Amino acid sequence: FGFSQVKKLEYKKKRYDQLALSKSHLEDNFANEILDTKAMMNQDLADWLNQNLTEYKGRNQEDGTPGAGKGQSFHVGLPIQVIYDKIAEEYKEYGWRVKTSTFLTLGYDVKFAAHAIRLYHEGAELMEAGQLTFPIGGQAYNDIMRVRRGEVSLAEFRELILVYENVSRALKPRSVLPDAPDYKWANGYLVDVCTQYIKNGGSEFVQEDGAEYV
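Residues numbered from 1 in each chain as written. Predicted model: local features only at pLDDT ≥ 70, side-chain atom pairs only at ≥ 80, totals over all residues. Heavy atoms only, no water.

Draft legend 1. Spatial organisation of the nonpolar core. Formed by 22 residues in total, the largest nonpolar core has its most connected members in Leu26, Met41, Phe74, Ile80 and Ile87. Of all elements in the fold, only helix H1 (2-29), helix H2 (43-52) and helix H3 (80-92) reach the threshold of two or more residues within this core. Residues within four places of Phe74 in sequence aside, it is in contact with Met41, Ala46, Leu49, Asn50, Leu53, Tyr56 and Ile83. The next biggest cluster of nonpolar side chains, apart from the first, holds 21 residues, and it includes Ala140, Val147, Leu154 and Leu160. (Core = buried A, V, L, I, M, F, W, Y, C linked by side-chain atoms within 4.5 Å. Buried < 20%, exposed > 50% of the residue type's maximum accessible area, 1.4 Å probe, protein only. Helix = DSSP H or I, 4+ residues; strand = E, 2+ residues; numbered from the N terminus. Contact = heavy atoms within 4.5 Å.)

Below, the structure written as structure tokens:
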């Protein structure tokens, strides 16, 4: 989960930069064509977009199915105006986080980054102690808040998250956690709590084993 958060902040920046570059390329070099409904894409433009817009939302897989992949999205004969409009719309609707001051100055999503540190810290604590401590304190808290406030550059964050990743890797071989969650217990617990809650009309109740829940 922590690893995925790091990938998201890197992917978001990569995709945003590609959209901005492609939009500018079309506006600077094909100003007339993007206003002409009959103007079609040539091979040079198709090649440029395929090379520089690899994270395009409309990109096809190698088998031709929709979705980001290695297949080519752009080819000769596509209407330039339609392609430009799609790129411009993706760029416009990309998301509020890329328009925040921290993203514009730092080049990454501080929310995803802060979550990544929190997740690696919690994962390490689970592997070492088998439980989580709330609220988070110490160095982890300081690192999370520094990142969240936008006080950490992208280069510094990459060095910082690597420290947390390495701690997790070192702990994994001697983790006290089981190989897999006890899904049967968890599902049974959730069903029992929800059932008791409904039966008691949402008020406090005492489970049969004596454990109290609200």
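Anyway, onward from the coordinates.
Draft legend 2. Molecular detail of unusual backbone geometry. Note the cis peptide between Phe134 and Pro135, where omega equals -5°. Inspection of the secondary structure assignment puts Pro135 in the loop between helix H5 (110-129) and helix H6 (138-148).

Draft legend 3. Local environment of the packing of H1 against H3. Taken N-terminus to C-terminus, the directions of H1 and H3 make an angle of 140°; their axes are 9 Å apart at the nearest point. With respect to H3, the element H1 is oriented oblique. The interaxial crossing formed by H1 with H3 has left-handed handedness. For the pair H1 and H3, contact is made by Arg15, Tyr16, Leu19, Ala20, Ser22, Lys23, Leu26 and Glu27 and by Ile80, Tyr84, Ile87, Ala88, Glu90 and Tyr91, respectively. Tallied by class, the residues present in the contact of H1 with H3 amount to nine nonpolar, one polar and four charged. (Axes fitted to C-alpha atoms, helices over the stretch in contact; angles between N-to-C directions. Parallel < 35°, antiparallel > 145°, perpendicular 65-115°, else oblique. Left-handed = near helix turned anticlockwise from the far one by under 90°. Nonpolar A, V, L, I, M, F, W, Y, C, P; charged D, E, K, R; others polar.)

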